[in-house]
Amino acid sequence: MTGKREYMKQESPWAEQEAELDQAPKSSLSSQAPQKGDISSLLEHKPTLLRSSAAFLFNDSVLKYPLHTLDDRVVVGTSCLGYSEKTYLVVPAIQVGCPVQCNFCQVGDQGYERSLTAKEIVDEIALIVQKSHQYGYPLAQTRVKISFVADGDPLTNPNFGQALEQIAERAVVPMKVSTAYPDTPLAERLFDEICSFSATYGDTVQFQISLNSTDAEYRARIAKIPLADYRKIREAGEKWQSDVPHARKVNLTFTLTQETPCTPEDIKDILTPDLFAIRLRDWAPTERGLRYGLHRIGPEKLKELADRFVSEGYNVIPGRTGNTERMFILSAGQLTGMYQSLLR
Ligand code: SF4
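Remember, it's a predicted structure, so these values are computed and weren't measured experimentally.

**Description of the nonpolar core**
Consideration 1: The biggest cluster of nonpolar side chains holds 75 residues, and the ones touching the most others in it are F148, F207, L252 and F254.
Consideration 2: Those residues in contact with F148, other than ones at most four positions away along the chain, are P92, I94, I121, I125, P154, F160, L164, I167, M175, K176, V177 and S178.
Consideration 3: Of all hydrophobic cores here, the second largest spans 27 residues; its members include C80, V91, V100 and Y218.

In structure tokens:
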């Protein structure tokens, strides 16, 4: 990354932060449920389990915050403008590393240390919102969406359902939950919890499954833990439609490389267009993916695949890697390693 020093903004030393926390009033969480879109409770929330020591600004549009846990793990939270430029995305990490360890994703190189607790996740979201305000990005004045799409898999964090409940006590904003959908009893339990939560939550929850390939064997090979087969994914799509009022279709997302088998005709009879939408994304290179021999695909191939899904009756949601993400190689996990090397 060039210009690293220019972009790194030092914050107050920890001792100062701790003093501020000691003097802070007790939680101002109101007994009343928050109004839809109001994130003022997150601005007032006093984080005690995570601390911020630096922030990185990329291209005046993406802010990344390395955050330290009390047991001195580092996770990276992000805020950035969404595709529409009318919504700020808040993207919290939910684990230290990730147990799924997909071969294309840099987070996989961190291994897996532990899941964040519900309270740590709330602290992280509050810190992302507060630090963004501090640096002149007033999230509270625009639409905010919380996207669990990086740095951990929600269906492998046993605390995830509880985290959703605790967030909803402080803010009611759209959310996106993205998972590789592991084939484990824990994932089933967590999916049930997410369905129950989404059925009564005051805003939209979008559910997304990283299918990554239409070839079941390839999909199984790129992850380190067993993933649900297409029959289980179909059942999840049916449950989502039946349990969640006004549910949006479950997104099936693909991070595509030249090596990815992707043939829409192979899934159209089981992962049907009435239950699932498609999101195609070109892989932004990572050291890990390059080691696994992956190669980028070009925009023409991406468009050709999108057209083929459309001709099979699917809604296709655009998902190209953003310019800033491409320019600074900002895929999940990239900054964590760089930040840790700065600390050494
Ligand atoms: S893509 Fe998601 S599930 Fe896969 S290793 Fe990265 S963070 Fe984990």
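**A look at the pattern of salt bridges**
Consideration 1: Taken as a whole and assessed by the stated rule, the structure comprises 20 salt bridges.
Consideration 2: Measuring nitrogen to oxygen at the nearest pair gives 2.9 Å for the salt bridge that ties E238 to R234. One end of the pair, E238, and the other, R234, are both in helix α8 (residues 230-243), four residues apart, so they sit about a helical turn from each other.
Consideration 3: With a closest N to O distance of 3.5 Å, D269 and K268 form a salt bridge.
Consideration 4: For D269, a relative accessible area of 63% gives the class exposed.

**Comments concerning the confidence of the model for the chain**
Consideration 1: Scored by pLDDT, the chain comes out at a mean of 87, with 87% of its residues at no less than 70.
Consideration 2: Across residues 1-29, where pLDDT falls below 50, the model places 45 contacts with residues more than four positions away in sequence or in other chains.

**Things to note about the pairing of strand β10 (residues 175-179)**
Consideration 1: Burial within β10 is extensive, with five of its five residues counted as buried.
Consideration 2: Side chains M175, V177 and T179 of β10 all project onto a buried face; the interleaved residues K176 and S178 project onto the opposite face, where all are buried too.
Consideration 3: Across three bridges, strand β9 (residues 143-148) lies against β10 in parallel orientation. Bridge pairing links S147 to K176 in β10.
Consideration 4: A crossover connection joins β9 to the parallel β10 through helix α5 (residues 160-168); in handedness this β-α-β unit is right-handed.

**Notes on the environment of F148**
Consideration 1: Locating F148 in the fold gives a position in strand β9.
Consideration 2: C-alpha separation for the pair F148 and T179, spaced 31 residues apart in sequence, amounts to 8.6 Å.

**Let's talk about the packing of aromatic side chains**
Each aromatic ring pair is described using two quantities: the centre-to-centre distance and the angle formed by the ring planes.
Consideration 1: Applying the stated criterion across every chain yields a total of nine aromatic pairs.
Consideration 2: Ring centres 5.0 Å apart and planes at 50° place the aromatic pair F191 and F207 in the tilted group. You can see F191 sitting in helix α6 (residues 185-200) and its partner F207 sitting in strand β11 (residues 205-210), a full 16 residues away along the chain.
Consideration 3: Exposure remark for F207: the relative accessible area of 1% places this residue in the buried category.
Consideration 4: Judged by centre distance (5.5 Å) and plane angle (50°), the rings of F254 and F309 are tilted. Highlighted residues: F254 in strand β12 (residues 250-256) and F309 in helix α10 (residues 299-311), separated in sequence by 55 residues.
Consideration 5: When its relative accessible area of 0% is taken as the criterion, F254 is described as buried.

**Some thoughts on the packing of α6 against α8**
Consideration 1: Put simply, α6 and α8 touch, their axes get as near as 10 Å, and they point 20° apart. As far as their axial angle goes, α8 and α6 are roughly parallel. As for the relative orientation of α6 and α8, their crossing is right-handed in sense. Of α8, the residues touching α6 (which contributes E188, F191, D192, I194, C195, S198 and A199) are K232, A236, K239, W240 and D243.
Consideration 2: Here the contact of α6 with α8 is built from residues that sort into six nonpolar, one polar and five charged.

The rules behind the values
Residues numbered from 1 in each chain as written. Predicted model: local features only at pLDDT ≥ 70, side-chain atom pairs only at ≥ 80, totals over all residues. Heavy atoms only, no water. Core = buried A, V, L, I, M, F, W, Y, C linked by side-chain atoms within 4.5 Å. Buried < 20%, exposed > 50% of the residue type's maximum accessible area, 1.4 Å probe, protein only. Contact = heavy atoms within 4.5 Å. Salt bridge = Lys/Arg side-chain N within 4 Å of Asp/Glu carboxyl O. Helix = DSSP H or I, 4+ residues; strand = E, 2+ residues; numbered from the N terminus. pLDDT = per-residue confidence, 0-100. Pairing = 2+ DSSP bridges. Right-handed = clockwise from strand over helix to strand, strands pointing away. Phe/Tyr/Trp six-rings, centres within 6.5 Å; stacked < 30°, edge-to-face > 60°. Axes fitted to C-alpha atoms, helices over the stretch in contact; angles between N-to-C directions. Parallel < 35°, antiparallel > 145°, perpendicular 65-115°, else oblique. Left-handed = near helix turned anticlockwise from the far one by under 90°. Nonpolar A, V, L, I, M, F, W, Y, C, P; charged D, E, K, R; others polar.

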